[in-house]
Structures are given as C-alpha cells and as structure tokens.
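Structure assessment
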Amino acid sequence: MASFITPVLVGRSAELQQLEEALVAVQAEGGRCIRVSGEAGIGKSRLLAELRDRAVARNFAILVGRCFE
Ligand SMILES: Nc1ncnc2c1ncn2[C@@H]1O[C@H](COP(=O)(O)OP(=O)(O)OP(=O)(O)O)[C@@H](O)[C@H]1O
Ligand SMILES: [Mg+2]
C-alpha cells in the first residue's frame, strides 16, 4: 500500500540534530550504522525522508532498500 508522506515535519529537532551530526561525522571520519526504531506509524520513514534530503544537500549518494513482512 502506498503511504502518504506529509510535507511538513513537526518536531523531531533532537533526532534530526543527532542525525545531522552523524552525517558530519561520516564525512570527516567514515561510516556509521544507525538504527531508527519505533512503533508502527510513529514517524520513522518521515524522519528518514528528512535525513535523505539533508544527506543529498551534503552530496551523499542515497541507496534505499526495503523489506516486507
Ligand atoms: N514528525 C512528523 N511530522 C509530520 N508528519 C509526520 C511526522 N512523523 C510522521 N508523520 C506522518 O505520519 C504518518 C506515519 O509516519 P511514517 O510513515 O513515517 O511512520 P513509520 O514509523 O515509518 O511507520 P511504519 O512502521 O508503518 O513504517 C505519515 O503520513 C507521516 O508523514
Ligand atoms: Mg515506515
């Protein structure tokens, strides 16, 4: 089923700050592995969509994988 991604991100400033710091650290030092976990519908995909946009702005190449139940 297609999901609707809301254009405006509400809150999540603390999480985004952590993720942006990780992007900076990756560019300076190399790879990181970050797990984003939470209940269904809590906003994991929306948060990662924001991170993707910020990573693109920093010239990262984006690779996406999916798995289904
Ligand atoms: N911080 C937020 N601001 C605005 N909308 C949000 C926010 N977080 C989530 N949403 C919206 O809530 C809905 C559910 O969020 P999302 O799909 O990101 O959840 P999820 O944790 O990835 O769910 P699932 O576990 O089912 O994959 C979406 O429409 C999304 O755009
Ligand atoms: Mg999701």
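Residues numbered from 1 in each chain as written. Chains lettered and ligands numbered in written order. Predicted model: local features only at pLDDT ≥ 70, side-chain atom pairs only at ≥ 80, totals over all residues.

You can see V26 is positioned in helix 1 (residues 13-29). The class for V26 is partly exposed, based on 15 C-beta atoms found within 10 Å. Separated by 36 residues in the primary sequence, V26 and I62 place their C-alpha atoms 14 Å from one another. Leaving out residues up to four positions away in the same chain, V26 has contacts with G31 and R32. (Helix = DSSP H or I, 4+ residues; strand = E, 2+ residues; numbered from the N terminus. Buried ≥ 20, exposed ≤ 12 C-beta atoms within 10 Å, placed from the backbone. Contact = placed C-beta atoms within 7 Å.)

Moving on: helix 2 (residues 44-57). Every α-helix carries 3.6 residues per turn, so stepping three or four residues along brings you back to the same face. Helix length check: helix 2 (14 residues) gives 20 Å between terminal C-alpha atoms against 20 Å at 1.5 Å per residue, within 8%. Once helix 2 ends, the next one or two residues include N59, with phi positive near 70°. (Expected span 1.5 Å × (residues − 1).)

Moving on to unusual backbone geometry. In this structure, R12 takes a positive phi of about 70° despite not being glycine. For R12, a count of 14 C-beta atoms within 10 Å corresponds to the partly exposed category. Its identity as a non-glycine residue notwithstanding, N59 has a phi of 70°, on the positive side. Note that N59 resides in the segment after helix 2. What makes N59 exposed here is the crowd of 7 C-beta atoms within 10 Å.

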